[in-house]
Amino acid sequence: MKKMFSGLHFYVNINNLDSILKKEERETDFLKKAFHQMDTFVSTMEYYVESTNVKVEKLTGSRLHFYVPCTVEDRDDILDALRVVAMAYHLAGYISTNIGKYKNVANYRIGSGMDYGDYTEFEFSDKESEIEELTTIGSPANRAAKLQTNTEDGRLSVSKEVYDLLPDDCSDLFLENEDLSLLVKKKYADLRVYSCSLRELHEFFADEDSRYSDSISEMEDWAFERAQKTNLGDIQENGVRKLLDFNDLSLRNCKTLDGIMLFADIRGFTKKFDPDGSNLPEMKQATQIILSQMNKCVHADDGVHVQFQGDRISAIFHKFDGEKADYVFRAFRCAFRLIDMVKELNKNEVIIEAIGDQKLKIGIGMASGDIFATRLGKRNVKDNVAMGETVKEADYAEDEVAGNQIGMASEIAATKGCYGLLDDSDSKEAAHIKSAFTTRGERFYVSRLGWEDVAKKIDATRQEDNHKEASRRTSVKPWGSL
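Draft legend 1. Geometry of the pairing of strand E13 (residues 361–376). Of all 16 residues that make up E13, 14 are buried, and the element is covered over most of its length. Sheet topology note: the strand E10 (residues 253–267)/E13 ladder contains 13 bridges and is antiparallel. When the bridges of E13 are listed, Thr256 appears paired with Phe372. Inspection of the sheet shows E13 paired to strand E15 (residues 411–415) by 4 bridges, in the parallel sense. Pairing of Gly365 across the sheet is with Ala413, part of E15.

Right under this line is the structure:
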């Protein structure tokens, strides 16, 4: 068991990235400029934190997750976290307006959330699927994510735990945000929120902090040079014939896939992390089991692991040469298997010890269409990236549709288009998979069944068909035609 840490967790989010991606995808059927600009922004931020104790956990969708191990007495580390947020705000504006390649791309609009508390690090490693991925486990990352999600453009929201650590001249920039406090109390009853303007935070450091002000021009120059290293014409859009491997991808070598994007999230699990970190050892063991089992489900059906995001997994299913079953069938079978997985985990002693008598539930979202995949960032810390409208739709299906009815059951939510692919599937089981779903509104189909339930229906039909075929063969007498 690795040691526990105290520290700050914070997210820097590009609040308008979805609209930027949607515009370029609609106009060009690719995300060349979006990928290029994201690489410049992310790489520059990674370069900036190299001179601090701040660490980059990963890029997830539109947001960068940072954390810094520190105690309440580590004033420089606490200020460094704020400097990182301020620099992200400044670079978002500089990169969007001062680099010619991005002339026709909308300016990034930044929002940020930050919390302080106990956490631990977990290095997920799986030899079979060749995945190694660092993730942090604990309450501050979850609370910071909630703050960021609800923070407006150009603002930083922090918990009272962070506010109380700030020096007086810096804390003067913040005001208590009662509206946001009421909003987040629905999930975190003890979370009090303070907010400030990112423009004012940047100006504060630029005027009062020589360490920060001296680094501004250096970061601008680094970003400009990074942007010039790869011409837009050098970014190749390639299709796939073999199973996608993110290790082969880069800014210059992106992939466009016609496939299914899947998100799966363990419901309510993050609420079980005590803010004081008292149950971190038990929760870390439980998280390790959960992530391992989720990954096994994806790997078993030849899904391509994209990322873990706390207790959430994202994966891509697509057609490739030599596949044993078509990608549509594999994606749906994986979703059903994830529901069975949760049923089994609820019998696991480690899980029971961590969460008590409550039961794990899972929400799964699926969408089909074009998926744009690449790896972005500096050489040694590149992140797997999947983007596009299909990714956004799958994310919405998981987050807003699956399990959102009264009772919060484990549930799969597939978009209408994704469900419709079963009509063209080569799999004989497709009809049984379709019958496992019911409509929800005009855009989604949902199911609460596991693969064991669906497989029983398939086996029963197969036995019935075999019986009918046998009856036809034995009912004809050998002398009947004489």
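Anyway, onward from the coordinates.
Draft legend 2. Geometry of the layout of surface pockets. The space that makes up the second largest pocket amounts to roughly 880 Å³. Forming the walls of the second largest pocket are 34 residues, and the residues nearest its centre are Glu130, Ile131, Asn247, His305 and Asn384. For the lining of the second largest pocket, the elements supplying multiple residues, two or more each, are strand E2 (55–60), strand E5 (131–138), helix H10 (280–300), strand E11 (304–309) and strand E14 (383–387). The class makeup of the residues in the lining of the second largest pocket is 11 nonpolar, 9 polar and 14 charged.

Draft legend 3. Structural view of the side chain of Ser314. You can see Ser314 is positioned in strand E12 (residues 312–318). Setting aside chain neighbours within four positions, we find Ser314 in contact with Met261, Leu262, Phe263, Val304, His305, Val306, Gln307 and Gln309.

Draft legend 4. View of the packing of H10 against helix H11 (residues 327–345). At a closest axis distance of 9 Å, the pairing of H10 and H11 adopts a crossing angle of 150°. Between H10 and H11, the interaxial angle falls into the category roughly antiparallel. Crossing handedness for the pair H10 and H11: right-handed. Here H10 contributes Ile289, Ile290, Gln293, Met294, Cys297, Val298 and Ala300 to the contact with H11, which in turn contributes Cys334, Arg337, Leu338, Met341 and Leu345.

Draft legend 5. Structural view of a negative patch on the surface. Negative charge collects at one region of the surface, where Asp168, Asp169, Asp172, Asp207 and Glu208 lie side by side. Looking at the negative patch, the elements that each hand over two or more residues are helix H6 (168–171) and helix H8 (198–208). On the secondary structure map, Asp172 appears in the loop between H6 and strand E7 (175–176).

Draft legend 6. Structural context of helix H2 (residues 32–49). With 18 residues, H2 extends 26 Å between its outermost C-alpha atoms, agreeing within 8% with the 26 Å of an ideal straight helix rising 1.5 Å per residue. Of all 18 residues making up H2, 15 are buried, and the element is well covered by its neighbours.

Draft legend 7. Broad picture of the nonpolar core. The biggest cluster of nonpolar side chains holds 69 residues, and the ones touching the most others in it are Phe41, Met114 and Leu156. A total of 13 residues in this core trace back to one element, the largest contributor, which is helix H3 (residues 75–98). Contact partners of Phe41, with chain neighbours within four places excluded, come to Val12, Ile14, Leu64, Ala88, Leu91, Ala92, Ile95, Tyr108 and Ile110.

Draft legend 8. Molecular detail of the pattern of salt bridges. Considering all chains together, one arrives at 30 salt bridges under this definition. The shortest N-O distance in the salt bridge between Arg267 and Asp265 comes to 3.0 Å. Between Lys347 and Glu344 there is a salt bridge, with its nearest N and O atoms 3.4 Å apart. Salt bridges sharing common partners tie together Asp265, Arg267, Arg312, Asp395 and Glu398.

Draft legend 9. A look at H10. Helix length check: H10, at 21 residues, gives a terminal C-alpha distance of 30 Å against a target of 30 Å (1.5 Å per residue), a fit within 8%. Asp302 sits one or two residues past H10 and shows a positive phi near 55°.

Conventions we followed
Residues numbered from 1 in each chain as written. Predicted model: local features only at pLDDT ≥ 70, side-chain atom pairs only at ≥ 80, totals over all residues. Heavy atoms only, no water. Buried < 20%, exposed > 50% of the residue type's maximum accessible area, 1.4 Å probe, protein only. Helix = DSSP H or I, 4+ residues; strand = E, 2+ residues; numbered from the N terminus. Pairing = 2+ DSSP bridges. 1 Å grid on protein atoms, 1.4 Å probe; cavity = no way out; pocket = protein on both sides within 12 Å on 5 of 7 lines; lining within 4 Å. Points joined across faces, edges and corners; volume = space filled by probe spheres on them. Nonpolar A, V, L, I, M, F, W, Y, C, P; charged D, E, K, R; others polar. Contact = heavy atoms within 4.5 Å. Axes fitted to C-alpha atoms, helices over the stretch in contact; angles between N-to-C directions. Parallel < 35°, antiparallel > 145°, perpendicular 65-115°, else oblique. Left-handed = near helix turned anticlockwise from the far one by under 90°. Patch = residues over 30% accessible without salt bridge, like charges linked within 9 Å, V, L, I, M, F, W, Y side chains within 5 Å. Areas by Shrake-Rupley, 256 points an atom, 1.4 Å probe, with all protein chains shown as cover. Salt bridge = Lys/Arg side-chain N within 4 Å of Asp/Glu carboxyl O. Lys, Arg positive; Asp, Glu negative; His and termini not counted. Charge placed at Lys NZ, Arg CZ, Asp CG, Glu CD. Expected span 1.5 Å × (residues − 1). Core = buried A, V, L, I, M, F, W, Y, C linked by side-chain atoms within 4.5 Å.

Purely spatial values, then, with no claim about function.
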